[in-house]
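Each chain, letter by letter, is given below.
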Protein chains: 2
Amino acid sequence: MPRIDIETLETRSGCSYPHPFKEVCLGATWRKLGDAAGLTDFGVNLVRLPPGKWASQRHWHTHEDEFVWVLEGEVVLVEDGGETVLRAGDCAAWKAGVPDGHHLQNRSGADAVYLEVGSRRPDTDACDYPDIDMVAGPDGYRHRDGRPYPED
Amino acid sequence: MPRIDIETLETRSGCSYPHPFKEVCLGATWRKLGDAAGLTDFGVNLVRLPPGKWASQRHWHTHEDEFVWVLEGEVVLVEDGGETVLRAGDCAAWKAGVPDGHHLQNRSGADAVYLEVGSRRPDTDACDYPDIDMVAGPDGYRHRDGRPYPED
């Protein structure tokens, strides 16, 4: 059955970032639509972002394309060039390898709901977080000097 | 600017299938959101499917994952196992290589609008159309006995 029964999917939460970078992201929840259908080329998540929360730290991927489509509410897209409000019916995308850190913040008083799509290049992808002392690769999160973050 | 200004994107139409398979698909229009942002790992199209039209002939891909999210209206998903109505807020996905021909038909009286996402494997992907005498590969559309279709 290719139709995905969204309501039956596990609602996930949490954040793998080390302290103190994780706190502002805790509260978001998502359902893994692509995984539910066995997709492996790209992932599709249905994300709910509560007021005051960030979807991630500002980041850019070396090898993974990303796309978002806003379904409900609004988010603020922050990038090097400034800020842009994205509302229901708006979309944005980021080509892998473009070193423009970006993320979504919910500054509104209501939940924002959006689809996020990302290609899957786990063997090659790395991620840079330009605002903070953190980079990520296949071996996890590290300081910029190469020291790994302790798990917490 | 990662935000995609949808209204400025070219609205595309047409169908590359040979006659007589193209006629039922003519009328659909789409905007290439992923291309607009330079994405290459996967494509994202915003599709408008008028009443009575099919999004494609029933097909399955050997090497490309697919995903759709219905934004407005409703479509009927047809697959080997039967038919399923997908309405706004519903989604479906198809793993590459699963030989279950599928397509979307608009049997309603109003346009249906949906997002379609597909991975890009143009060098390896082939497509089978189980209801008709047609297969597709990097060299275009062919009869099942290997003869190419004339362009029309």
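Since the model is a prediction, treat every value here as computed from it, not as a measurement.

### Let's talk about the nonpolar core
Membership of the largest hydrophobic core comes to 30 residues, with the highest contact counts inside it found for Leu33(A), Phe67(A), Trp69(A), Leu33(B), Phe67(B) and Trp69(B). For Leu33(B), the residues in contact, after removing those within four places along its chain, are Phe67(A), Trp69(A), Cys91(A), Ile4(B), Ile6(B), Leu9(B), Val44(B), Asn45(B), Leu46(B) and Leu115(B).

### Some points on the pairing of strand β3 (residues 42-49) of chain A
All names here are of chain A. For β3, a buried count of 7 out of 8 residues is recorded, marking the element as mostly surrounded by other parts of the structure. Sheet topology note: the strand β2 (residues 29-32)/β3 ladder contains 4 bridges and is antiparallel. Paired with Arg31 across the bridge in β3 is Leu46. One ladder, built from 8 bridges, connects β3 with strand β10 (residues 112-119); its direction is antiparallel. Its bridge partner being in β10, Val47 is matched across the sheet by Tyr114.

### A look at the relation of the copies chain B and chain A
One copy of the chain maps onto the other through a rotation about an axis followed by a shift along the same axis. Mapping chain B onto chain A leaves a residual RMSD of 0.0 Å; the transformation is a rotation of 180° accompanied by 0.0 Å of translation along its axis. Interpreted geometrically, this transformation is the action of a two-fold axis.

### Comments concerning the pattern of salt bridges
Any two side chains of opposite charge can pair, so long as their charged atoms come close to each other. All names here are of chain A. Tallied over the full model, the rule gives 30 salt bridges over all chains. One salt bridge connects Asp65 with Lys95, and the closest N-O pair in it is separated by 2.6 Å. Placement of the pair is Asp65 in the loop between β4 (60-61) and β5 (66-72) and Lys95 in the loop between β8 (91-94) and β9 (103-105), with a sequence separation of 30 residues. With a relative accessible area of 25%, Lys95 lands in the partly exposed category. Note that Arg87 and Glu74 form a salt bridge whose closest N and O atoms lie 3.3 Å from each other. Of this pair, Arg87 sits in strand β7 (residues 82-87) while Glu74 is found in strand β6 (residues 74-79), placing the two residues 13 residues apart along the sequence. Residue class for Glu74 comes out partly exposed when judged on its relative accessible area of 27%. Members of the salt-bridge network, linked through shared partners, are Lys32, Asp35 and Arg120.

### Focus: the sheet that holds strand β8 (residues 91-94) of chain B
The strand order across the open sheet built from 6 strands is β1-β2-β3-β10-β5-β8 (chain B), with neighbouring strands paired in antiparallel fashion. One side of each edge strand has no neighbouring strand; the edge strands of this open sheet are β1 (12-13) and β8 of chain B.

### Comments concerning the UniProt feature "domain: Cupin type-2" (unreviewed entry) in chain A
Using the residue numbers shown here, the UniProt feature "domain: Cupin type-2" (unreviewed entry) corresponds to residues 46-117 of chain A. Taken end to end, residues 46-117 of chain A comprises 0% helix and 53% strand; its first and last C-alpha atoms sit 9 Å apart.

### Describing the interface of chain B and chain A
The partner chain A presents 37 residues to the 37 residues of chain B that form the contact. Carbon and sulfur atoms supply 68% of the area that chain B and chain A bury against each other, a total of about 3000 Å² over both sides. Our count for the chain B to chain A interface comes out at 4 salt bridges. In this structure, Arg3(A) and Asp90(B) form a salt bridge, with 3.3 Å as the shortest nitrogen-oxygen distance. Mapped onto the side of chain B that touches chain A, the elements with two or more residues apiece are β3 (42-49), β5 (66-72), β6 (74-79), β7 (82-87), β8 and β10 (112-119) of chain B. Looking at the side of chain B that touches chain A, its residues break down into 21 nonpolar, 7 polar and 9 charged.

### Quick word on the state of the cysteines
All names here are of chain A. Counting across every chain of the model gives 0 disulfides over all chains. Lacking any disulfide linkage, Cys15 is separated from the closest cysteine sulfur, that of Cys25, by 4.6 Å. Sulfur of Cys127: no disulfide; nearest cysteine sulfur belongs to Cys25 and is 12 Å away. Assessed through its relative accessible area of 8%, Cys127 is described here as buried.

Reading guide: rules and limits
Residues numbered from 1 in each chain as written. Chains lettered and ligands numbered in written order. Predicted model: local features only at pLDDT ≥ 70, side-chain atom pairs only at ≥ 80, totals over all residues. Heavy atoms only, no water. Core = buried A, V, L, I, M, F, W, Y, C linked by side-chain atoms within 4.5 Å. Buried < 20%, exposed > 50% of the residue type's maximum accessible area, 1.4 Å probe, protein only. Contact = heavy atoms within 4.5 Å. Helix = DSSP H or I, 4+ residues; strand = E, 2+ residues; numbered from the N terminus. Pairing = 2+ DSSP bridges. Least-squares fit on C-alpha atoms with pLDDT ≥ 70 in both. Salt bridge = Lys/Arg side-chain N within 4 Å of Asp/Glu carboxyl O. UniProt positions renumbered as here; feature names shortened; annotations may be inferred. Buried area = accessible area lost by both parts, 1.4 Å probe. Nonpolar A, V, L, I, M, F, W, Y, C, P; charged D, E, K, R; others polar. Disulfide = S-S within 2.5 Å.

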